[in-house]
Every structure is written in structure tokens, then in C-alpha cells.
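An overview of the molecular structure
Residues per chain are reported as follows:
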Amino acid sequence: MSAPHAGADFYHVEAWLAEHERSKLAELREFLAREVLPHASRWWDAASFPVDLLPKLAALGLSAPIQQGYSPLFQGLVIAELTRADTSIATFFMVHHDLYVEALHQFGTPEQQQRLLGPAQALEETGAFALTEPEHGSDISARMETTVRRDGDDWILNGRKRWIGNGTFCDRMVLWCTDESTGEVRGFFLDANAPGVTRTRIENKIALRTVQNADLVFQDVRVPESDRMQGVASFNDVKRLLLGSRIMVAWQAVGQQLAAFDVASAYAREREQFGRPIGANQLVQGQLVQILGNAVSSMSMLAQLAHLQRMSLDHDGSLEMPQAALAKSFTSARMRESVALARSILGGNGIVTDYRAAKIFADAEAIFTYEGSFEVNTLIVGRDITGISAFK
């Protein structure tokens, strides 16, 4: 299968990038075509993470692009391209750079940044984001059960977390918990190898199999005050990170559709039945056009959202969670349709990972669900429209 191309950018969104950003995006595409795309299905089938890829990934210099002066549009297109090649590697990248490293930038003290940022940016140390719990996902803001209490110069941590990407092998994690004395949210840059931390890989997944998700148990884990996020006072601080993360997951939904279009359009040109390519059939052409339309509409929505992000960074505008929620809801629904159409175009070959369509189809289910499920994001927008909340 040939490397991904930019043909699905039907409305030339990438033309809005600065010249150095287009050059960097081209460098990323070449890297993914060489180092990721040929191996991604093998990693996925084996449910193994390619640790040897990390130094090469770090050498691209794409950690927390906004902090380096890149545009929000470039940041989104980076996630889309990573997803286009492999959703699992894109998810690792997002968890580490757009959550862990970004938390260091936003909430880390100068001492924490000096101590932790360098190794994290170089991927010499890897990070995770520990928020979701076994019994609390969508309602985690109100019902977080992992707790912490002050004990002299330390904090004592107890509780459980679930679905923590990179959780089996990370060196540190952004850990969220409830202060027993105040009921407020606390955040820590927790040493993942601290005594009392137990990590167990979640098995039998049908999506993002390369991502190493973990169940975490914390039993009287002693955390030094020097690892506490000093600027975190409530769940509103968590939301600052989740706003950006939600937008990046919407960009993943774009990347999934670009991948679906790549695979389905190539197959339609190459696969012959009844003596001619199946792409000559009207129904197949109609399916390809639907995938393309879904991808283009999703990318265009995200490009406008990137413009709002830029305005917010310049203090000339505002970006709020309902806007991110609408993007996540809309693009993930379009994605689900697109990957199903692509899988259908491949017929029987669409259910084996040899042809990529099956992997793209399965990975889409994770994107549809995480970073706020489709339903919850829809209700966030509904609350903004009506002023009436469907949930508490």
C-alpha cells in the first residue's frame, strides 16, 4: 500500500499553513510513511508498543507545538496525519505531549519544568494522564473517588484509575485526585514507579491495541509536595487541558477519515471484478464521495475551530467547551460512517488487518467513545443551546 497522500484535502486547508509548517508537515508524512505505516498493523495485531520508535519520534521536534510557536491548525493537522498512519501512535503522542507535557507547561512550577520538561520533550521519560476511574468516566468531575491527604511534607494517595493510556510503561503521570480535607481536586506529577503503585495492562481490546492501557491501583502512595501542581485549585483547571485534548481527538476523527479514504480509493482503483476496477461502479463511487464529503466537512469545521483557538491565544476571542464538544460529536459521527463505508468497499478483505480497513474501522470505536463520548458531547452542546442540562 502506498504512503498517505494529501488528495483528501479537497478544499486545500493546508494552504493556510505558514511555509515552515507545510515543510514540517511534509517531513512528518515522510517519517510516517517510512517508520510507522509499514509496521502499524503488525504492532496492532501483536498488541505491542514499539518502544524503539520513541527516539525517532522525539527527533521530529513536535512536542507541544503551540508552545513552540506553531499554529493551532498545524497542531491539529499533525494529529490528523499521525492518526492517518496509525491511530495508536497518534494516541500515544497526544497523551504524552498534549496532556502530560502540556500540563507541565500550564501548571508546572519553574522547578518542575526544569526537572521534568527536558526528558519529557526528548521522550527519555514518558508520561500518562490519569483521570478516568473504574466506576467514573463521564461523571468524574463530580464523583472522583481517588483521594489524597496531607501528611507533613508529603501527600498520601489512595484509589484506582482505569483506561490510562501509556499507563503500563510511563515514567510519570499527571494524576488527579480529591483532597480529603477540602473536597477540591488536586493534581500531581506522580512517579509511576513509586512504592504502592500497581499497574496492570488491560487485555482483549478491539481498538487501539498498540496503546498500552492500564488499570492503576494506589495504596498509601507517598507523594512529595514538590510533585504537586501548585496552580491547580479545582476541576476547572482540569477542563483547561481537556478542552485542548477534546479538539485534538476531533482531529483524530479527521485523520481516521483520511485513512479510510486512502485505503478505499486505492482499493477501488486496483481491485477488479467482472473484468474492470470496482471503482467504475456507481455505488462504489458514491461511497467514496460520501467518505470524502465527510472528511472535508470535518476538516473544515476543525480548521475554523483552529482559527478560534488562535484568537483565544491572542486574547482577541474566546473558545469554550461547547464549541469543542460540537466538533468532537460531529466529526466522530461522520468518522463512524466513513470507516464503515471504507470497510464495505473492501468486501471480505475489509475484515482482515492485512488491508488496513479492519484496523481503521475498529480504532474508530475508541475515538467515538473517549475524551467525552459522542452522547455526552452532544448533551453538552444541547445544554448550551437550551440552557437546560440533561445530566448533573
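Since the structure is predicted, the reported quantities are computational estimates derived from the model, not experimental observations.

Moving on, we get to the overall build of the protein chain. If you tally the helices and strands in the protein chain, you get twelve helices and nine strands. Taken over C-alpha atoms, the radius of gyration comes to 21 Å for the protein chain, in line with the 21 Å a tight globule of 392 residues would show. Expressed as a percentage of the 392 residues in the protein chain, the buried residues total 56%. Sequence separation of 24 or more characterises 75% of the internal contacts of the protein chain that already satisfy a separation of 6 or more. Side chains of the protein chain give 37 positive and 47 negative charges; the mean places of these two sets differ by 4 Å.

A few words on the layout of surface pockets. One number sums up the size of the largest pocket: a volume of about 1,300 Å³. Along its surface, the largest pocket is lined by 47 residues, and Thr132, Thr369, Tyr370, Glu371 and Gly372 are the ones closest to its centre. Those elements giving two or more residues to the lining of the largest pocket turn out to be α5 (87–107), α7 (140–143), β3 (154–165), α8 (235–270), α10 (321–345), α11 (357–369) and α12 (374–386). In terms of residues, the lining of the largest pocket owes the most to one element, α8, which gives six residues.

Quick look at the nonpolar core now. Membership of the largest hydrophobic core comes to 75 residues, with the highest contact counts inside it found for Val36, Leu82, Trp251 and Ile345. Counting 24 residues, the second largest nonpolar core, distinct from the first, contains Leu99, Val174, Trp176 and Met229.

The next thing to look at is the environment of Thr369. Within the element layout of this structure, Thr369 appears in helix α11. Residue classification places Thr369 among the partly exposed positions, given a relative accessible area of 48%. As for Thr369 and Ala130, which are separated by 239 residues in sequence, their C-alpha atoms are 17 Å apart.

Counting across every chain of the model gives zero disulfides. Free cysteine: Cys170, not disulfide-bonded; nearest cysteine sulfur from Cys177 at 15 Å. Looking at Cys170, the relative accessible area reads 1%, which means it is buried. Using a relative accessible area of 0% as the deciding quantity, one classes Cys177 as buried.

A full pass over the atoms with the stated rule returns ten aromatic pairs. A centroid spacing of 6.4 Å and a plane angle of 40° characterise the contact between Phe10 and Tyr11, whose relative ring orientation is tilted. A relative accessible area of 52% places Phe10 in the exposed class. Taking 6.4 Å as the distance between ring centres and 80° as the angle between the ring planes, the aromatic pair formed by Tyr100 and Phe189 counts as edge-to-face. Of this pair, Tyr100 sits in helix α5 while Phe189 sits in strand β5 (residues 185–191); the two residues are 89 residues apart in sequence, bridging distant segments of the chain. We note that Tyr100, like Phe189, is buried. Over the ring of Phe330 we find Arg334; its NZ or CZ atom is 5.0 Å from the centre of that ring.

All right, on to the pattern of salt bridges then. Counted under the stated rule, the structure contains 24 salt bridges. Put simply, Arg29 and Glu81 hold a salt bridge, and the shortest N to O gap is 3.0 Å. Within this pair, whereas Arg29 is found in helix α1 (residues 19–35), its partner Glu81 is found in helix α4 (residues 72–85), the two being separated by 52 residues in sequence. The salt bridge involving Arg34 is made with Glu35; its shortest N-O contact spans 3.3 Å.

To continue, consider the packing of helix α9 (residues 282–313) against α10. Each pair of packed helices can be described by the angle between their axes along with the distance between the axes. In contact at an axis separation of 9 Å, α9 and α10 are set at 160° when each is read in the N-to-C sense. Judged on the interaxial angle alone, α10 and α9 are roughly antiparallel. Considering how the two elements wind past one another, α9 and α10 form a crossing that is left-handed.

Examined against the element boundaries, Gln112 turns out to sit in helix α6 (residues 110–121). Separated by 2.9 Å, the side chain of Gln112 and the backbone nitrogen of Thr109 make a polar contact. With residues near it in sequence (within four places) discarded, Gln112 still touches Leu104, Phe107, Leu117, Phe189, Ser226, Asp227, Arg228 and Met229.

Bringing a nonpolar patch on the surface into the picture now. A surface patch of nonpolar side chains, amounting to about 270 Å² of accessible area, comprises Ile351, Val352 and Tyr355. Following the sequence through the fold, Val352 ends up in the loop between α10 and α11. Taking relative accessible area as the criterion, Val352 reaches 33% and is therefore assigned partly exposed.

The subject of this paragraph is the side chain of Asn166. Relative to the helices and strands, Asn166 resides in the loop between β3 and β4 (172–179). A polar contact is formed between the side chain of Asn166 and the backbone oxygen of Gly127, at a distance of 3.1 Å. Ignoring sequence-local partners within four residues, the contact set of Asn166 consists of Phe92, Val95, His96, Gly127, Ala128, Val211 and Gln212.

With that settled, the discussion passes to unusual backbone geometry. Not every positive phi belongs to a glycine, and Trp163 is a case in point at roughly 65°. Structurally, Trp163 can be placed in strand β3.

Let us now look at empty space enclosed by the protein. Here the structure, examined in full by the defined rule, presents one cavity of 30 Å³ or more. What lines the largest cavity is simply Thr83, Arg84, Ala85, Asp86, Thr87, Gln256, Ala259, Arg356, Lys359, Ile360 and Asp363. Residues that form the lining of the largest cavity fall into these classes: three nonpolar, three polar and five charged.

In this structure, β3 lies alongside strand β7 (residues 213–224), joined through nine bridges in antiparallel fashion. Note on β7: the bridge partner recorded for Arg160 is Val217. Bridge analysis of strand β6 (residues 197–201) against β7 gives five bridges, and the strand direction is antiparallel. Of the residues in β7, the one forming a bridge with Arg199 is Leu216.

Conventions we followed
- Residues numbered from 1 in each chain as written.
- Predicted model: local features only at pLDDT ≥ 70, side-chain atom pairs only at ≥ 80, totals over all residues.
- Heavy atoms only, no water.
- Helix = DSSP H or I, 4+ residues; strand = E, 2+ residues; numbered from the N terminus.
- Rg over C-alpha atoms; globule rule 2.2 N^0.38 Å.
- Buried < 20%, exposed > 50% of the residue type's maximum accessible area, 1.4 Å probe, protein only.
- Contact = heavy atoms within 4.5 Å.
- Lys, Arg positive; Asp, Glu negative; His and termini not counted.
- Charge placed at Lys NZ, Arg CZ, Asp CG, Glu CD.
- 1 Å grid on protein atoms, 1.4 Å probe; cavity = no way out; pocket = protein on both sides within 12 Å on 5 of 7 lines; lining within 4 Å.
- Points joined across faces, edges and corners; volume = space filled by probe spheres on them.
- Core = buried A, V, L, I, M, F, W, Y, C linked by side-chain atoms within 4.5 Å.
- Disulfide = S-S within 2.5 Å.
- Phe/Tyr/Trp six-rings, centres within 6.5 Å; stacked < 30°, edge-to-face > 60°.
- Lys NZ or Arg CZ within 6 Å of the ring centre and 35° of its normal.
- Salt bridge = Lys/Arg side-chain N within 4 Å of Asp/Glu carboxyl O.
- Axes fitted to C-alpha atoms, helices over the stretch in contact; angles between N-to-C directions.
- Parallel < 35°, antiparallel > 145°, perpendicular 65-115°, else oblique.
- Left-handed = near helix turned anticlockwise from the far one by under 90°.
- Polar contact = N/O pair within 3.5 Å; in protein donor to acceptor, adjacent residues only side chain to side chain.
- Patch = residues over 30% accessible without salt bridge, like charges linked within 9 Å, V, L, I, M, F, W, Y side chains within 5 Å.
- Areas by Shrake-Rupley, 256 points an atom, 1.4 Å probe, with all protein chains shown as cover.
- Nonpolar A, V, L, I, M, F, W, Y, C, P; charged D, E, K, R; others polar.
- Pairing = 2+ DSSP bridges.

What is shown is where atoms sit, not what they do.
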